[in-house]
Each structure stands twice: as structure tokens, then as C-alpha cells.
Amino acid sequence: MTISFSGSMSALAFAALFASTGATVALAQEDIGIVVYNAQHESLGVAWAEAFTKETGIKVTLRKGSDMEFANQIVQEGAASPADVFLTENSPAMSLVDGAGLFEPVAAGTLAQVPENFRPSNGHWIGVAARSTVFAYDKTKLTEDKLPKSMLDLADPSWKGRWAASPAGADFQAIVSALLSLKGEDATASWLKAMKENFTAYKGNSTAMKAVNAGEVEGAVIYHYYYFGDQAKTGENSKNVALHFFKNEDPGAFVSISGGGVLASSQHKENAQKFLAWITGKGGQGILRDGTSFEYAVGNGEASNKALPALSDLQYPKVDPATLNSAKVTDLMTDAGLL
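Residues numbered from 1 in each chain as written. Predicted model: local features only at pLDDT ≥ 70, side-chain atom pairs only at ≥ 80, totals over all residues. Heavy atoms only, no water.

I would appreciate a short explanation of the overall build of the protein chain in the present structure.
Within the protein chain, the regular secondary structure consists of twelve helices and ten strands. Seen through its principal axes, the protein chain has C-alpha atoms that stretch 90 × 40 × 35 Å. Residues counted as buried form 51% of the 339 residues belonging to the protein chain. The long-range share in the protein chain, meaning contacts at least 24 apart out of those at least 6 apart in sequence, stands at 75%. For the protein chain, the distance from the average site of its 27 positive side-chain charges to the average site of its 36 negative ones is 5 Å. (Helix = DSSP H or I, 4+ residues; strand = E, 2+ residues; numbered from the N terminus. Buried < 20%, exposed > 50% of the residue type's maximum accessible area, 1.4 Å probe, protein only. Contact = heavy atoms within 4.5 Å. Lys, Arg positive; Asp, Glu negative; His and termini not counted. Charge placed at Lys NZ, Arg CZ, Asp CG, Glu CD.)

Explain helix H11 (residues 282-290) here, please?
One full turn of an α-helix is made of 3.6 residues, so residues set three or four places apart face in the same direction. Of the positions making up H11, those classed as buried are Gly284, Gln285, Gly286 and Leu288. Looking at the packing, one finds that the buried side of H11 touches helix H2 (42-56), strand E5 (126-138) and helix H10 (269-279).

Whenever I open this one, the layout of surface pockets confuses me. Can you help?
In this approach a probe as big as a water molecule rolls over the atoms, and the regions it shows empty are the leftover space. Taken as a whole, the largest pocket holds about 440 Å³ of empty space. Forming the walls of the largest pocket are 19 residues, and the residues nearest its centre are Tyr225, Gly229, Lys233, Thr292 and Ser293. Of all elements in the fold, only H2, helix H8 (205-213) and helix H9 (225-232) reach the threshold of two or more residues within the lining of the largest pocket. The element contributing the most residues to the lining of the largest pocket is H9, with five residues. A per-class count over the lining of the largest pocket returns eight nonpolar, eight polar and three charged. Its volume calculated, the second largest pocket comes out at about 310 Å³. The greatest single-element share of the lining of the second largest pocket, amounting to three residues, is contributed by helix H6 (residues 170-183). Of the residues contributing to the lining of the second largest pocket, the split by class is seven nonpolar, six polar and five charged. (1 Å grid on protein atoms, 1.4 Å probe; cavity = no way out; pocket = protein on both sides within 12 Å on 5 of 7 lines; lining within 4 Å. Points joined across faces, edges and corners; volume = space filled by probe spheres on them. Nonpolar A, V, L, I, M, F, W, Y, C, P; charged D, E, K, R; others polar.)

Please explain unusual backbone geometry as it appears in this structure.
For residues besides glycine, phi is generally negative; the peptide bonds are generally trans as well. Positioned with a positive phi, Glu249 is a non-glycine residue whose angle comes to about 55 degrees. Of the residues examined, Glu249 reaches a relative accessible area of 51% and is grouped as exposed. With phi around 60 degrees, Phe294 is a residue other than glycine that occupies positive phi space. Looking at where Phe294 falls in the secondary structure, it is placed in the loop between H11 and helix H12 (326-335). A relative accessible area of 7% means that Phe294 is categorised as buried.

It is not clear to me how the nonpolar core should be interpreted in this structure. Could you clarify?
As a rule of thumb, soluble globular proteins bury nonpolar side chains together. If you look at the biggest cluster of nonpolar residues, it comprises 100 residues, and the most contacted ones within it are Phe86, Phe135, Trp163, Phe172, Leu192, Met195 and Phe275. In terms of residue count, E5 provides more of this core than any other element does, eight residues in total. Leaving out residues up to four positions away in the same chain, Leu192 has contacts with Val176, Leu332, Met333, Ala336 and Leu338. (Core = buried A, V, L, I, M, F, W, Y, C linked by side-chain atoms within 4.5 Å.)

Can you help me understand the packing of H6 against H12 in this one?
Any two packed helices are characterised by how steeply their axes cross, that is the angle between the axes, and by the distance between the axes. With their axes 9 Å apart at the nearest point, H6 and H12 run at an angle of 100 degrees to one another. By the angle between their axes, H6 is roughly perpendicular relative to H12. On H12, the residues that touch Phe172, Gln173, Val176, Ser177 and Leu180 of H6 are Ser326, Lys328, Val329, Thr330, Leu332 and Met333. Of the residues belonging to the contact of H6 with H12, the class tally is six nonpolar, four polar and one charged. (Axes fitted to C-alpha atoms, helices over the stretch in contact; angles between N-to-C directions. Parallel < 35°, antiparallel > 145°, perpendicular 65-115°, else oblique.)

Help me understand the pairing of strand E1 (residues 34-38), please; the structure alone is not making it clear to me.
Looking down a regular strand, the side chains alternate between one sheet face and the other. Counting buried positions along E1 yields five of five residues, so the element is predominantly enclosed. Residue alternation in E1 divides its side chains into two sets, Ile34, Val36 and Asn38 and Val35 and Tyr37, and both sets are buried. Looking at chain direction, E1 and strand E2 (residues 60-64) are connected through five bridges and run parallel. For Asn38, the partnering residue across the bridge sits in E2 and is Lys64. (Pairing = 2+ DSSP bridges.)

Laid out in C-alpha cells, this is it:
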């Protein structure tokens, strides 16, 4: 704003005008409440924000983007970031921001609301929801005895041209991050090389599932909620599809943690911490249970949507979310010709 004044205006009057203008700008900034960089599903972020504001009176302004888009933006913004809270679909983006030292530690009471296996060991951010890796398969072509016993089996030449994935997305890259954490770099590089030879690439998990449903491929590595979301609507994109949960602590049974964290640069840390506490508590986890995102609730004792198989029955591998390395994964996938 440019302010001009004539010689007849006293210094005192100008000071009063400037103070008033400054107060107006500050008030306008305060009116937006806390700013949340939301890389979660837009509808889930809106539901959380609206319910939180209704209960607490604290306003929430959502900015929509993707996991790695926001993670890289936050790193670039550094201490000047306007964000108060960062929410993701997968945890590698959280690890990237954490590695740059840009998170405020999560309040101890909030950490206590979520089991240790659904949050990083350093307590710098916290799990807010979860999704399971699955093999979505064409039930008109495959019977259970013909399904891969492990995700690693998809590297076998017998699966050439029969399965799909969406390698460019954060979802699949999180799965590869888990594979890297569990099996190491050599095994991951070998599997990715075989994947390049065997699979068909689609843009997005829902598109890959539609391809299975249409008979274009026999199966696809995706997250579970795409199937349940479609089934809850018309089911037209999943009528020929069934889900195979690998279990047995297989890399293909990986459960990805959606994360939430408070930025160290936040000017509203108290309210930002309140928001994180709310979404990991009964209010936010209840929205997961009763809503249509079909993501798993992760709060202590909190139930997930009744349509989902119990998270405790999935026999998923234990992976510290803090160990998931998105930068190394993209390097390995680029070397394999997948990105």
C-alpha cells in the first residue's frame, strides 16, 4: 500500500493513520486463522477443518496441493513459510520436511493419542490416517490360488504384461520407500528393474483399478480405499475387482501413514497444535469412521469405517515412518526408467 500526505498533515496524524492501516492488515491476516497446507483428500480436509472450527471457533484456511509439491515448497519457504500445519496422504513428504528441521515437535498429549507404530520415533509429526497396499485383481480371470504370494513375485517373468501401477504418484513411491526400508537398496533396485519389464503404467490409482475392471490387466498395486470408495458409489469401476491383502509382513502389505505436523515457523503454534490434537482425537478420527474417505483411523481405540477389514488383521510390516526416503526412491525409480 502506498500512502501520500501533504505538509498540512501532522506527524501525529500520519502515525495514527499508519497504526490504523497496520491494525487493519494484521486483523485481515488474523481472520484467516491457521493456514493448513492440505495434501490429503480435499473433502476430508474440508470436513476436518469445518468440524474443528465449529467446535473450537478457530478458523482454518486450507491450501490444496500434493504431497511432494507442498513438501518441496515448505523446504524452499523455510522460516518464511505462511503455513501453520502440513497434512499429507503419505509419510515420505513429512520425512522430507522433517529432514530440513522445519517441524515443531508435536505436543506430548497429542502423541499419546496415536500408537507408536503410527507415528515417527522422533515425535516431530504424527499419523492422522492410514491406507493399506493391496493387489486389486480381476476376479473373472484370477482365482485366489493364482494370486502372487508376495508383491516381490510380480518381478517374475510370468507376470510380464499382466499387472499395473501408477509409478509417478506419491502413493506408489511411498510403497517403494517401504520396500527400500525393509529389503535394502540392492533388492529394491532389482525389483524396480523387473517392474519396468513387467508392468503397465497408468496415471493414478483409480485409473489403474479401472483398467483391471475393464480387463486390460489382471491386477494392479494400489491402495485399498479406491476400491471401497467406488463400491460405496455405483461400483461401476470395480464390479469385476476384488482385493488381495498380501499380509505376512510382506512389503506389499505396507500400511502408509498420512501425516500431520506443525511448522516451526508458525505464528499460531498454540492453535496449530490444537488442530493436530483434534484430528487425531475423537472428533477427527470419528470423521474417518463415519465418512466416505475409507481411510483407516489410527487413534488409540478409534474404530475405522465398518466396511473395511480390521487394520489389526492385515499383518502389515512394521516400518518407522521417519526412515522412508523419498529422494532415494525417486533416484532408484529414475535409474530403472520408471520416472
